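Each chain, letter by letter, is given below.
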Amino acid sequence: MMLIAGSHTGIRECAARQRGVTLMLAIFAILALTFAVLGLVYFVRYGSEVASNSAVHTEAIQATDIGLEAANTQLQLHSGFPEASNMAGIQWWYNQAPTALGPPQPPPVSFWATCAPKSCGATSITINGVTFNVEYVVAPSGLPATVLNGTQKSGVTAYMTYLAYVNAQLSNQGLAAGESHNMNADIEATLRKLG
């Protein structure tokens, strides 16, 4: 009889140990699933933010295109070939700092923060419900007037090239300090004015 009682005690102890191991495995499985779900939620949220930021940056680039059109319109409306000597007080005209034998340099980042409305053209553009402050300037390229391949078009015989610089910034002031610089776009382009 003692043998039988001893074997029942051994079976009970073995079953209790198995329940303890099963409980530990279940806890580890629940923890692993919890961390997997939290990781998935984080990556989905992060992916959504990246996609949203990418969309806003694309819209900022579209806004710079519209700003470039505004800069070109201002240049074309001006009579003759604009030069630094006759452009005093024109806000969209940019007098570049002279550089030592090199390409013209775009305005520094600090320029765009304080240029409107005294030293750059500015407009507000809304694309897909997102509003951008778009600022632009036009500067001389430094190249002389060029003859139009020996042909004339309505009495026009030459053209000059100019450089346009455009900056578009998201106008939403609710962004954190580190986020706003990701929500803008800068472009530069060469414009041609017939004279």
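This report concerns the structure included in the present document.

Procedures and definitions
Residues numbered from 1 in each chain as written. Predicted model: local features only at pLDDT ≥ 70, side-chain atom pairs only at ≥ 80, totals over all residues. Heavy atoms only, no water. Helix = DSSP H or I, 4+ residues; strand = E, 2+ residues; numbered from the N terminus. Buried < 20%, exposed > 50% of the residue type's maximum accessible area, 1.4 Å probe, protein only. Contact = heavy atoms within 4.5 Å. Areas by Shrake-Rupley, 256 points an atom, 1.4 Å probe, with all protein chains shown as cover. Core = buried A, V, L, I, M, F, W, Y, C linked by side-chain atoms within 4.5 Å. Phe/Tyr/Trp six-rings, centres within 6.5 Å; stacked < 30°, edge-to-face > 60°. Lys NZ or Arg CZ within 6 Å of the ring centre and 35° of its normal. Disulfide = S-S within 2.5 Å. Pairing = 2+ DSSP bridges. Lys, Arg positive; Asp, Glu negative; His and termini not counted. Salt bridge = Lys/Arg side-chain N within 4 Å of Asp/Glu carboxyl O. Polar contact = N/O pair within 3.5 Å; in protein donor to acceptor, adjacent residues only side chain to side chain.

### Describing the overall build of the protein chain
Inference 1: The secondary structure content of the protein chain amounts to two helices and five strands.
Inference 2: For the protein chain, buried positions account for 26% of its 195 residues.
Inference 3: Within the protein chain, contacts between residues at least 6 apart in sequence are counted, and of these 67% link residues at least 24 apart.
Inference 4: Accessible surface, the protein chain: about 12,900 Å² in total, of which carbon and sulfur atoms supply 63%.

### Side note on the nonpolar core
Inference 1: Ranked by internal contacts, the top residues of the largest apolar core, which has 25 residues, are Ala63, Trp92, Phe132, Val134 and Val138.
Inference 2: Broken down by secondary-structure element, the contributors of at least two residues to this core are α1 (2–77), β1 (121–127), β2 (130–140), β4 (158–170) and β5 (184–194).
Inference 3: Judged by nonpolar contacts, the second largest core, of nine residues, contains Val137, Ala139, Leu163 and Tyr165.

### Notes on the packing of aromatic side chains
Inference 1: The full count for this structure, using the stated rule, is six aromatic pairs.
Inference 2: Between Trp92 and Trp93, the aromatic rings sit 6.3 Å apart at their centres with planes inclined by 75°, giving edge-to-face as the arrangement.
Inference 3: Given a relative accessible area of 5%, Trp93 falls into the buried group.
Inference 4: On the numbers, 6.3 Å between centres and 80° between planes, the contact of Tyr94 with Tyr165 is edge-to-face. Here Tyr94 is found in the loop between α1 and α2 (109–114), whereas its partner Tyr165 is found in strand β4, with 71 residues between them in sequence. Neither Tyr94 nor Tyr165 differs from the other in exposure class; each is buried.
Inference 5: An aromatic cluster of at least three residues, connected via ring pairs, comprises Tyr94, Phe111, Trp112 and Tyr165.
Inference 6: Directly above the aromatic system of Tyr159 lies the positively charged group of Arg192, at a separation of 4.7 Å from the ring centroid.

### Brief notes about unusual backbone geometry
Inference 1: The amide bond that connects Ala116 to the next residue, Pro117, takes the cis arrangement and shows omega of -5°.
Inference 2: Structurally, the position occupied by Pro117 is in the loop between α2 and β1.
Inference 3: We note that Asn128 has phi near 50°; this positive angle belongs to a residue other than glycine.
Inference 4: Position of Asn128 relative to the elements: it lies in the loop between β1 and β2.
Inference 5: For Asn128, a relative accessible area of 66% gives the class exposed.

### Points about the environment of Met87
Inference 1: Position of Met87 among the secondary structure elements: in the loop between α1 and α2.
Inference 2: Discounting chain neighbours no more than four positions away, the residues touching Met87 are His78, Pro82, Trp92 and Trp93.

### Some points on the state of the cysteines
Inference 1: As enumerated under the stated definition, the model contains one disulfide in all.
Inference 2: A sulfur-sulfur distance of 2.0 Å marks the disulfide that ties Cys115 to Cys120. Here the disulfide of Cys115 and Cys120 is right-handed, its torsion about the S-S bond being about 65°. Each member of the pair Cys115 and Cys120 is classed as buried.

### Some remarks on the pairing of β2
Along a regular strand, successive side chains alternate from one face of the sheet to the other.
Inference 1: With eight of eleven residues buried, β2 is to be regarded as a mostly interior element.
Inference 2: The turn joining β1 and β2, which pair antiparallel and follow one another in sequence, is formed by two residues; a positive phi near 50° is taken by Asn128.
Inference 3: Pairing geometry for β2 and β4, over nine bridges, is antiparallel. What sits directly across from Val138, in β4, is Ala164.

### So, the side chain of Lys193
Inference 1: The topology assignment puts Lys193 in strand β5.
Inference 2: Of the side chains with opposite charge, Glu83 comes closest to the buried, unpaired Lys193, at an N-O distance of 11 Å.
Inference 3: Within the structure, the side chain of Lys193 is placed 3.4 Å from the backbone oxygen of Gly80, a separation counted as a polar contact.
Inference 4: When near neighbours in sequence (up to four residues on either side) are disregarded, Lys193 contacts Leu75, Gln76, His78, Gly80, Phe81, Pro82, Ala158, Tyr159, Met160 and Tyr162.

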